[in-house]
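Notes for the structure review
This is what each chain is made of:
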Amino acid sequence: MTLLRTIDPSVDHALQAIVAGASLDPTCSTDLAAGPWDFDVRPGYGPGSSMGDVIPVGAPRQGELPAAYREADEDELDARIRAAKQALGDRAVVLGHFYQREEVVRHADYVGDSFQLANAALEHPDAEAIVFCGVHFMAETADLLSGPDQAVILPNLAAGCSMADMADIDQVEDCWEQLADVLGPLDTPDAEGLLPVVPVTYMNSSAAIKGFVGRHGGIVCTSSNAATVLEWAFARGRRVLFFPDQHLGRNTAKAMGVPLERMPMWNPRRPLGGSSADELRDAGVILWHGFCSVHRRFTVDQIAQARAEHPGVRVIVHPECPVEVVDAADEAGSTDYIRKAIAAATEPTTFAIGTEINLVRRLAAQHPQHEIFCLDPVVCPCSTMYRIHPGYLAWVLEELVDGRVQNRIRVADDVALPARVALEQMLAARPR
Ligand code: SF4
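Residues numbered from 1 in each chain as written. Predicted model: local features only at pLDDT ≥ 70, side-chain atom pairs only at ≥ 80, totals over all residues.

Description of the UniProt feature "binding site: [4Fe-4S] cluster" (unreviewed entry) in the protein
Under the local residue numbering, the UniProt record ascribes the feature "binding site: [4Fe-4S] cluster" (unreviewed entry) to Cys161, Cys292 and Cys382. Look at the named residues: they lie 222 residues apart in sequence, but the longest C-alpha span between them is just 9.2 Å, so in the fold they bunch up. Mapped onto the elements, cysteine 161 comes out in the loop between strand E4 (151–153) and helix H8 (169–183). Not counting residues up to four positions away in its chain, the partners in contact with cysteine 161 are Val135, His136, Phe137, Asn204 and Thr384. Considering the arrangement of structural elements, one finds cysteine 382 in the loop between strand E13 (371–374) and helix H17 (390–401). (UniProt positions renumbered as here; feature names shortened; annotations may be inferred. Helix = DSSP H or I, 4+ residues; strand = E, 2+ residues; numbered from the N terminus. Contact = placed C-beta atoms within 7 Å.)

Focus on the UniProt feature "binding site: iminosuccinate" (unreviewed entry) in the protein
Those places that UniProt annotates as "binding site: iminosuccinate" (unreviewed entry) correspond, in this numbering, to His97, Ser114, Tyr202, Met203, Asn204, Ser223, His318, Pro319, Glu320 and Thr335. With respect to the secondary-structure elements, methionine 203 resides in the loop between strand E5 (198–202) and helix H9 (207–215). Classification of methionine 203 by C-beta neighbours within 10 Å gives buried; the count is 23. What methionine 203 contacts, discounting residues up to four positions off in sequence, is Ser114, Phe115, Thr141, Val220, Cys221 and Thr222. Relative to the helices and strands, threonine 335 is located in helix H15 (residues 335–344). Threonine 335 gets classed as buried once you count the C-beta atoms within 10 Å, which come to 23. Setting aside residues no more than four positions away along its own chain, threonine 335 makes contact with Phe98, Asp113, His318, Thr355 and Leu359. (Buried ≥ 20, exposed ≤ 12 C-beta atoms within 10 Å, placed from the backbone.)

A few points about the site of the ligand
What surrounds the ligand is a group of 14 residues, the closest being Cys161, Met163, Cys292, Val294 and Cys382. By residue class, the composition of the shell around the ligand is eight nonpolar, five polar and one charged. (Near = placed C-beta within 6 Å. Nonpolar A, V, L, I, M, F, W, Y, C, P; charged D, E, K, R; others polar.)

Quick word on H8
Taking 1.5 Å of rise per residue, the 15 residues of H8 would be expected to cover 21 Å, and the 20 Å separating its terminal C-alpha atoms lies within 8% of that figure. Along H8, the positions that sit buried rather than exposed are Val172, Cys175 and Leu179. What you see down the axis of H8 is that its buried residues fit within an arc of 55 degrees, all on one side. Exposed residues pointing more than 90 degrees away from the buried face of H8 are listed as Asp170, Glu173, Glu177 and Asp181. Packed against the buried residues of H8 are H9, strand E7 (240–243), strand E8 (265–266) and helix H12 (277–282). (Expected span 1.5 Å × (residues − 1). Arc of directions from axis to C-beta.)

Quick look at the sheet that holds strand E12 (residues 350–354)
Here we have four strands laid out as an open sheet, ordered E11-E10-E12-E13, and parallel in their pairing. Looking at strand neighbours, the two that pair on one side only are strand E11 (331–332) and E13, the edges of this open sheet. When E12 meets E13, the two strands line up parallel, connected through four bridges. Following the sheet pairing, phenylalanine 351 is matched in E13 by isoleucine 372. Here helix H16 (residues 357–366) sits on the sheet and contacts E12 and E13; the angle it forms with E13, its principal contact strand, is near 170 degrees. (Pairing = 2+ DSSP bridges. Axes fitted to C-alpha atoms, helices over the stretch in contact; angles between N-to-C directions.)

Points about helix H10 (residues 226–234)
Those residues of H10 that sit buried are Ala226, Val229, Leu230, Trp232 and Ala233. Down the axis of H10, the smallest arc covering the buried residues is 155 degrees, so these residues share one side. Where H10 is buried, its residues touch E5, strand E6 (219–221), E7, helix H11 (246–255) and helix H18 (413–428).

Following this line, the structure appears as structure tokens:
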């Protein structure tokens, strides 16, 4: 299979700058111009923000899309998706993540973050199929929360999340055993009723990790409720093991008063995660060595440049950004927070935003009274999300019309039961 070097007309216009050579950064590549079905068979997440990340050996691969979809242009795919959706009616609901490309999002019945979309699926208990235009862990979460007869479909199986893949269940089980060697039996509370460590996982993790957390008295969090969830965990344990995103864990715990020196990192490739036994005993939060390749790109220098070029600019970044970036910004918050902050601004304002480019561009289009731009001058999207090309969406929808379910994501019962417990703990956790 050859890679196309000409600009694919279906590629989001936001990426044309990469194609035109604006990208000098090693974490982006002009290969994004290639048809997405070309790079799915290569070992890697695909060109873009996560292209330098190591893909796990067992990551799903997508088979080749039929030629009718590979050869169709954007207008034809658009028309086929509309026709298939109309034929399916209420039998299928299409969900689109905030970071998804425009050519796909325009067909979504709901647009939101991963948890909002899983909840949107709950509003359609009679839909036979939930087509999730996001990444693998999101489809798993929708499967956990949807009815047993509903099929959750991920249009491209290779649309994983490099951050979620950084916490592998075998590595997490191994970490737990090592922590038990240092801290004693981990499932036994002390005289004050506190566990030695409470595991907390970000929504951006596999169902296997959510299941692990549920089996060990832990909980799931989102970027919107991380502080509430950490409070819940501190009320039940001496310390927290937080995965997979070190930055969300660090930023949230720091804002709650946990000193940085009491947040050792757990690198799964090193004995005791690279920390000493004393550091682990003294820890308030043990941070898993994971990160989002999109949000890791934002820097303090970019903020300084935005302030120099746009006096009075309001800088808002996502809490998956490094701690020094969050400290330098005016505000930090989830995608939902960012959207609401912009919507609530009554005066024309200049916003510099530190999150994924597709969302920033959509916000800029929705709020022309404001100047809204991405802090990162190189438009580098979430490459894993980008794999949901409209060709895949057209394919799974037309297959549904013909009575065939492709790319169904199922979580096995032995994982699903404890994973649901961890999700229910999150839903029940309330701010103090
Ligand atoms: S933006 Fe980051 S955390 Fe979200 S899906 Fe992409 S790689 Fe994963």
